[in-house]
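So you can see what is in the structure, the chains are spelled out below.
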Amino acid sequence: LNNTTAVVEAAKAGALQHLEALVAAGTVQEPEALDFLRRFDLHYPALIDLVRRTYGSDGHVASVMVDLGAALARSWGERSADLRALDRRRSDAPDWFLARDQLGGVCYVDRWAGNLAGLRERIPYLEELGLTYLHLMPAFAVPDGNNDGGYAVSSYRHVDPRVGTMEELAELSGDLRERGISLVVDFVLNHTANDHEWAKAARAGDPKYQNYYWIYPDRQMPDAFERTTREIFPDDHPGSFTPVAPGDPRWVWTTFHDFQWDLNWTNPEVLAAMAGEMLFLANQGAEVLRFDAVAFLWKELGTSCESLPQAHWIVQMLNRVCRIAAPATIFKSEAIVHPDEVVQYIHPDECQISYNPLQMALTWEALATRKGVLLNDAIAERHGLPPGTAWVNYVRSHDDIGWTFSDEDAARRGIDGYHHRRFLNDFYTGRFPDSFADGVAFQYNPKTGDARVCGTTASLAGTTTDHPSDGVDRVLLAHGIAMSTGGLPLLYLGDELAQTNDPDWRLDPANGNDSRWAHRPYFPETGYAQRTDSTTVPGRVFQGLKHLLTVREQVTEFDGADLIGFDPRNEHLVGYQRPGLDPEGWPSVVLCLANVDDHPHRVEALTLSGFEREAVSLLDDKILDLAQGVDLPSHSMVWLRVY
Ligand code: OTU
């Protein structure tokens, strides 16, 4: 591999052979094939550089990389004409996800719609909401019983037969695309299920596939690794390893559940095999791939085995693979880690978009403390991203809420991170006096005192307490923030109808000990029927969100993600500015102000004196005189167009 040019040329020769066959068969036109070659020339050398850095340069690595060239051409040849047209559209507008009308939604196929056919019938509702991005929770073939909500994948090429077939998923992606909705699916690349074909072969002792996983003959290496690794699901098993089978002396790396075997990405064959699975998914019409648990990809003795440089290189290699063979495809990073580490995954050459776990967690932190200080700091200082990338701003996901703020940021404000997290866990699980939240604890680890929180947005925000109105306001406020800081807002479907926790989650034999199922309820038929009735909680949340979304689409300044902080000079308020162009093309700013307290507050005229006096309050379409200051009722938000 020391001779990059020779490897690139050999790989290209393999690709060329396939391209010629494709052109001869009339599957693709010559100009398109030439375009493929142009992309190959642009990205394959960069890929080889990364490979060399990651895997070294022995002959085996070189031969894997030569074969990959042909595989890329083959995969691209299997891409439908529709997707190749999308590739061209996206290359003209690569940062489509930064437009102000983008709106994401996420749901479980089975829980939300029964199956893929049911989901297709709900497309009109997705349109009613204005979705442009739909993340279907993993719906692949999985083991029976507990399969971590689909995150234990038995085959990347098969859909769970209980919800449909891969053909149906591909068709659905086309139907969605026709309506301007991009399909998002998970790429669960850190681990497979223990009944994946590769895992079965490894268990049977096949040396090729044993090397696809981290398998050791005894406890020596597992003990050594576990000295420095973190326990992620301590309720499931201690440490990071599990016996390969009951009675088997071998141990296999399982960061998450014992049935989720971590792939050995230090093996270049895993890279090639997983690149193939990834392109297969892209060719089914997945426009965004959610890179699950991306921080855990690389392991090295004596380290935490999280967010190592090689984890980034792997994603960068896969990015190059897509640039060549499925160029419309973009990656979403799921790294729910320290904010300094989260941003390291976000780059046009790595993951173009990423969850924004810090803003999510601090929104809940602000609602609990009734203080906007940490959230305000984070928005002002940690929001900036490279051009061509974006945050996915969410209020909650299918997972627990972890308090991933930086202790240093908190300390600067006189807050002790450890105690603050304990307070937040107590507050959201209802153990704190007068808490408005109805949440459930997740993975409490007595060794470290660490825990996280589960619950739907409505339940956590207080719609089920004595003051449901305040709960409704908090739901809207949290979403109003996610919709206006810049990036793609993501709704957890059901939250728009104020769906509360599933009261029966503990009864499920497979999942009853995983409290995340408290916030993964079935489709809310009643709430859905009430969505236009403003006398109901679901109706008020639905109408309120629709209003926010309708206005958002008209706020031209919300295009892109530029943001400047704003100090409202009141600790109960959050403020930030979105500079841009007003609808007439004049430079302007939209000043967003939110009150997270249970009492009204005011931004004083002096604080606003840098702006012209006249402001347009966009959410209620009123003219304000900033010389009067701005009043904010409890749990309210304003978007002010100022100059
Ligand atoms: C992800 O989350 C998924 O979102 C979970 O639903 C899965 O259970 C898990 O991976 C395994 O596939 O620990 O509590 O970033 O926070 O990757 C959720 C680190 C998780 C982890 C995250 C993981």
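This one's a predicted model, so the numbers in the text were calculated from it and none came from an experiment. (Residues numbered from 1 in each chain as written. Predicted model: local features only at pLDDT ≥ 70, side-chain atom pairs only at ≥ 80, totals over all residues.)

Focus on the domain arrangement of the protein
When the parts come together, some accessible area is lost, and that loss is often what is quoted as the size of the interface. In terms of domains, the protein is made up of domain 1 (4–78), domain 2 (193–262) and domain 3 (561–642). Computed over C-alpha atoms, the centres of domain 1 and domain 3 are 53 Å apart. (Domains from an automatic or database assignment.)

Concerning helix α4 (residues 81–92)
Taking 1.5 Å per residue, twelve residues should reach 16 Å; α4 reaches 17 Å between its end C-alpha atoms and fits that length. If you follow the buried residues of α4, they end up packed against α12 (268–283). (Helix = DSSP H or I, 4+ residues; strand = E, 2+ residues; numbered from the N terminus. Expected span 1.5 Å × (residues − 1). Contact = placed C-beta atoms within 7 Å.)

Some thoughts on the site of the ligand
In the neighbourhood of the ligand, 16 residues make up the surrounding shell, with Y151, F256, A293, I336 and D399 lying closest. Of the residues assigned to the shell around the ligand, the class counts are nine nonpolar, two polar and five charged. (Near = placed C-beta within 6 Å. Nonpolar A, V, L, I, M, F, W, Y, C, P; charged D, E, K, R; others polar.)

A word on the sheet that holds strand β25 (residues 637–642)
Strand order in the open sheet made by the six strands is β18-β19-β20-β25-β22-β23, with antiparallel pairing throughout. Two strands in the sheet have a free side with no partner beyond their single neighbour: β18 (564–565) and β23 (622–625). The pairing of strand β22 (residues 614–617) with β25 spans two bridges and is classified as antiparallel. For S617, the partnering residue across the bridge sits in β25 and is L640. The strands that helix α16 (residues 373–382) touches are β18 and β19 (573–581); relative to β19, the one it contacts most, it runs at about 25°. Contacting β19, β20 (587–595) and β25, helix α20 (residues 468–484) crosses the sheet at an angle of about 155° to β20. (Pairing = 2+ DSSP bridges. Axes fitted to C-alpha atoms, helices over the stretch in contact; angles between N-to-C directions.)

Thoughts on the pairing of strand β16 (residues 450–454)
β16 sits mainly inside the fold: four of its five residues count as buried. Where strand β15 (residues 440–445) and β16 come together, four bridges link them in antiparallel fashion. Its bridge partner being in β16, A441 is matched across the sheet by V453. (Buried ≥ 20, exposed ≤ 12 C-beta atoms within 10 Å, placed from the backbone.)

What to know about unusual backbone geometry
Most peptide bonds are trans, and most residues other than glycine sit at a negative phi. Unlike most non-glycine residues, Q443 shows phi in positive territory, near 50°. Checked against the element boundaries, Q443 lands in strand β15. The class of Q443 is partly exposed, set by 19 C-beta atoms lying within 10 Å. A positive phi is found at D621, a non-glycine position, where the angle reads about 55°. In this fold, D621 is placed in the loop between β22 and β23. Looking at D621, the number of C-beta atoms within 10 Å reads 8, which means it is exposed.

Quick word on α12
Side chains that are three or four residues apart share a direction in an α-helix, a result of its 3.6 residues per turn. With 16 residues, α12 extends 23 Å between its outermost C-alpha atoms, agreeing within 8% with the 22 Å of an ideal straight helix rising 1.5 Å per residue. Among all positions in α12, only P268, V270, L271, M274, A275, M278, L279, L281 and A282 are buried. Along the long axis of α12, the arc covered by the buried residues comes to 160°, so they all point the same way. Its buried side turned inward, α12 meets α2 (30–55), α3 (59–77), β4 (155–159), β5 (182–187), β11 (286–291) and α13 (309–325). Looking one or two residues beyond α12, the residue adopting positive phi is G285, at roughly 110°. (Arc of directions from axis to C-beta.)

A look at the packing of α2 against α3
Closest axis-to-axis distance for the α2/α3 pair is 11 Å, and the angle between their directions is 150°. Between α2 and α3 lies a crossing whose hand is right-handed. Contact residues: α2 offers F36, Y44, I48, V51 and Y55, while α3 offers V61, M65, G69, A73 and W76. (Left-handed = near helix turned anticlockwise from the far one by under 90°.)

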